Amino acid sequence: MSLWRFGSGWSEAAMKAYLAELARRGVGFKTPIEEMTAENGWTTDGAETKLGTEPPGPPVSDGLYERAKQGLMNYDFSDPAIVEGHFDPKVPFIGRDMLLEIKVWGLRFLNGVRVHSVREETDEKRTLFGFRYDTLEGHIECGYEWFLLWKNHATGDVYFKIEAHWQLGQFPNWWSRLGFQLIGERCRERWRHNAPLRLAALAHKPVEKPVAEPGEELAHRGDPHPQRTEPTEPVRGVGR
């Protein structure tokens, strides 16, 4: 079950302990992803947004696409007033567990997700990067979400797409489930609206600092300033 509280958030020690506990949890759904459709009772939502334009051809060094990719991996596109991400930046990206702190009317719900797959592709027409995370057992939502970034080599246009397939998950009490049913979609719409705006703003600025300051054990995202992650291993292919 997700942790919840009213008012302030959790200490670093509490988050670190809960993050470690996620390793023992499986994904929060058993339905094959090809069956997670609206016809089968799953909500599917998301949007595609143009972030901006850089010179045509493959992504340029420290250009709009590369900065957006960094913001994607750091989860900085998420509006922290709605959903704040917490993770250990030293853990390899594929398979990384992350705590999502969902904030609604003063209430905070701490939920686990896991980076399941990464797509990184390039051909003569486009360059693409993206990742999918799955909700873990105890999450107040149940399902998976793709975050995809790509550049059109002919035009230089860079796009960002969110694609989610989800249902209501496990809630700590009946009234939080009822409240989420009443206002949850409104919060999701605001989050989906803000995400590409934040990523575009990050992509138009140079990277300023590491994803976690020296001495910090966890990264707490999203951040209004571009951040840099040094990958612990190459991020390639699809799979865990």
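Since the model is a prediction, treat every value here as computed from it, not as a measurement.

1. Observations concerning the pattern of salt bridges
Think of it this way: side chains of opposite charge can pair up when their charged atoms draw near.
Here's step 1: This model, assessed by the stated rule, comprises 15 salt bridges.
Here's step 2: With its nearest N and O atoms 2.9 Å apart, the salt bridge here joins Lys-103 to Glu-84. Of this pair, Lys-103 sits in strand 4 (residues 97-104) while Glu-84 sits in strand 3 (residues 83-87), and the two are 19 residues apart along the sequence.
Here's step 3: When its relative accessible area of 16% is taken as the criterion, Glu-84 is described as buried.
Here's step 4: Close ionic contact of Glu-121 with Arg-126 constitutes a salt bridge, the shortest N to O distance being 3.9 Å.
Here's step 5: Ionic contacts of the salt-bridge type, sharing partners, join the residues Asp-45, Glu-141, Arg-188 and Arg-192 into one network.

2. Quick word on helix 1 (residues 12-21)
Here's step 1: Every buried residue of helix 1 is listed here: Met-15, Tyr-18 and Leu-19. Buried positions in helix 1, seen along its axis, are confined to an arc of 105° and lie on one side of it.
Here's step 2: Packing partners of the buried residues in helix 1 comprise strand 1 (3-6), strand 3, strand 4, strand 5 (107-122) and strand 10 (219-221).

3. Some remarks on the side chain of Asn-194
Here's step 1: Looking at the element boundaries, Asn-194 is found in helix 3 (residues 174-203).
Here's step 2: There is a polar contact of 2.8 Å between the side chain of Asn-194 and the side chain of Asp-79.
Here's step 3: Sequence-distant contacts of Asn-194, that is, excluding residues within four places in its chain, are made with Phe-77, Asp-79 and Ile-82.

4. Quick word on the pairing of strand 3
Here's step 1: Across the 5 residues of strand 3, 5 count as buried, placing the element largely inside the fold.
Here's step 2: Burial of strand 3 is two-sided: the residues Val-83, Gly-85 and Phe-87 facing one way and the residues Glu-84 and His-86 facing the other way are all buried.
Here's step 3: With 4 bridges joining them, strand 3 and strand 4 adopt antiparallel strand pairing. The residue bridging Glu-84 from the neighbouring strand is Glu-101, located in strand 4.
Here's step 4: Examined bridge by bridge, strand 3 and strand 10 share 3 bridges and lie antiparallel to one another. Across the sheet, residue Gly-85 finds its bridge partner in strand 10, namely Arg-221.

Calculation rules
Residues numbered from 1 in each chain as written. Predicted model: local features only at pLDDT ≥ 70, side-chain atom pairs only at ≥ 80, totals over all residues. Heavy atoms only, no water. Salt bridge = Lys/Arg side-chain N within 4 Å of Asp/Glu carboxyl O. Helix = DSSP H or I, 4+ residues; strand = E, 2+ residues; numbered from the N terminus. Buried < 20%, exposed > 50% of the residue type's maximum accessible area, 1.4 Å probe, protein only. Arc of directions from axis to C-beta. Contact = heavy atoms within 4.5 Å. Polar contact = N/O pair within 3.5 Å; in protein donor to acceptor, adjacent residues only side chain to side chain. Pairing = 2+ DSSP bridges.

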